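Below are the chains, spelled out letter by letter.
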Amino acid sequence: MKDRKRTPAQEARETSSPARRRGPSGFEAYYEQVLGDRWPSLRASLLSRAERPGEGRVIRENAFSDASARAGHFSRLAPGPVPGTWLFDRSMRADAPDPSGLRLGYVMDPASILPARALPLDGAKNILDLCAAPGGKALILAERAPEDAQITLNDRSSDRVERLKQVFKDYVPPSVRERTRVTREDGRLIFRKYPNLFDGILLDAPCSSEAHVALDPSALADWSEGRVERLAKEQYALVTSALGALRSGGYLVYSTCALAPLENDLVLSRLLERGRHPAEVLELPRAPLTERTSHGLQVLPDRSGFGPIYYALIQKL
């Protein structure tokens, strides 16, 4: 009987250790295997953040706030690596209010700005941020949305939803908040409530977040290879649900802050291999800080000083 050729996603799953690696030593062994020669420099860059508070962050200007107030407030700062950002300075209050009370700036990793800017929104009438809290990317979508677009912000955590609401109250004018709704749906089932509705969806999916795990001894002790695989399954469920909520021709940006390929390119490889959902992965133009992957773009901290962030653009056919 002739052997069937294995797909890249199958090969990645089959290289997992039968012993199911766990804990600090398992974490080290797993990422050394899946990232190869790149892992030592990536690990070092992640660990360096514990010694340098504020590293990897910038102040992103709030486009809804008063432009002259922003210019005066941030004038002494150096420009950041992404347009509309300033290098972070702990001595400055980044979220100082303008005369109307809107906050001037939002502190975030500049790599996190790129997925929200990559979602095509020209002519969009309905926009969804599927896992919207804490709200940094949602603010960018609100700034970029057409003036008549309806914006839906979803997160299944009640605590995170409250934080999201406060962020929009602090940064977004009432005229935009009036056409914004906040929901607490299970993202894996969002297609049931909003079938074929949205023109654009941003999915910043829950992920392994190795940047946090590497710096947290308790998270490192709890880490397991099985958790990576469970997250990859959940991410696939979120992607397919988002496609069900998209109209034909609509766009989805899939993003994570994971390093594991199983949670990034291989989620989309699985989507394409199965072929159950008519979709195409589109090639994104290179953006500042990024490296190209099989399906998308990635920002990695050992070379850029920011991230990690992975993102890819999908169109529903």
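Note that this is a predicted model, so its numbers are computed, not measured.

## Things to note about the overall build of the protein
Of the regular secondary structure elements, the protein holds 14 helices and twelve strands. Taken against the 2.2 N^0.38 rule, which gives 20 Å for 317 residues, the C-alpha radius of gyration of the protein at 20 Å falls within 12% of a compact globule. Principal-axis analysis of the C-alpha atoms gives the protein an extent of 75 × 45 × 35 Å. By the burial criterion, 56% of the 317 residues in the protein qualify as buried.

## So, the sheet that holds strand β1 (residues 58-61)
With antiparallel pairing, three strands are arranged side by side in an open sheet as β2-β1-β3. The open sheet has two free edges, formed respectively by β2 (85-87) and β3 (105-108), since each of these has just one partner strand. For this sheet, the mean angle separating the axes of adjacent strands, direction not counted, is 30 degrees. Against the sheet, helix α6 (residues 136-144) contacts β1 and β3, and its axis sits at roughly 135 degrees relative to β3.

## Some remarks on helix α3 (residues 39-48)
Of the positions making up α3, those classed as buried are W39, L42, S45, L46 and S48. On the buried face of α3, the contacting elements are α2 (23-35), α10 (210-213) and α14 (301-304).

## Focus on unusual backbone geometry
The omega torsion of the bond from A133 to P134 falls at 5 degrees, within 30 degrees of zero and hence cis. Mapped onto the secondary structure, P134 falls in the loop between β4 (126-129) and α6. The residue after G307, namely P308, is reached through a cis peptide bond having omega 10 degrees. Looking at the element boundaries, P308 is found in the loop between α14 and β12 (309-316). Here the phi dihedral of S209 falls at roughly 50 degrees; this positive angle occurs in a residue that is not glycine. Note that S209 resides in the loop between β7 (198-204) and α10. Phi is positive for L289, which is not a glycine, with a value near 80 degrees. Examined against the element boundaries, L289 turns out to sit in the loop between β9 (279-282) and β10 (291-292).

About the criteria used
Residues numbered from 1 in each chain as written. Predicted model: local features only at pLDDT ≥ 70, side-chain atom pairs only at ≥ 80, totals over all residues. Heavy atoms only, no water. Helix = DSSP H or I, 4+ residues; strand = E, 2+ residues; numbered from the N terminus. Rg over C-alpha atoms; globule rule 2.2 N^0.38 Å. Buried < 20%, exposed > 50% of the residue type's maximum accessible area, 1.4 Å probe, protein only. Pairing = 2+ DSSP bridges. Axes fitted to C-alpha atoms, helices over the stretch in contact; angles between N-to-C directions. Contact = heavy atoms within 4.5 Å.

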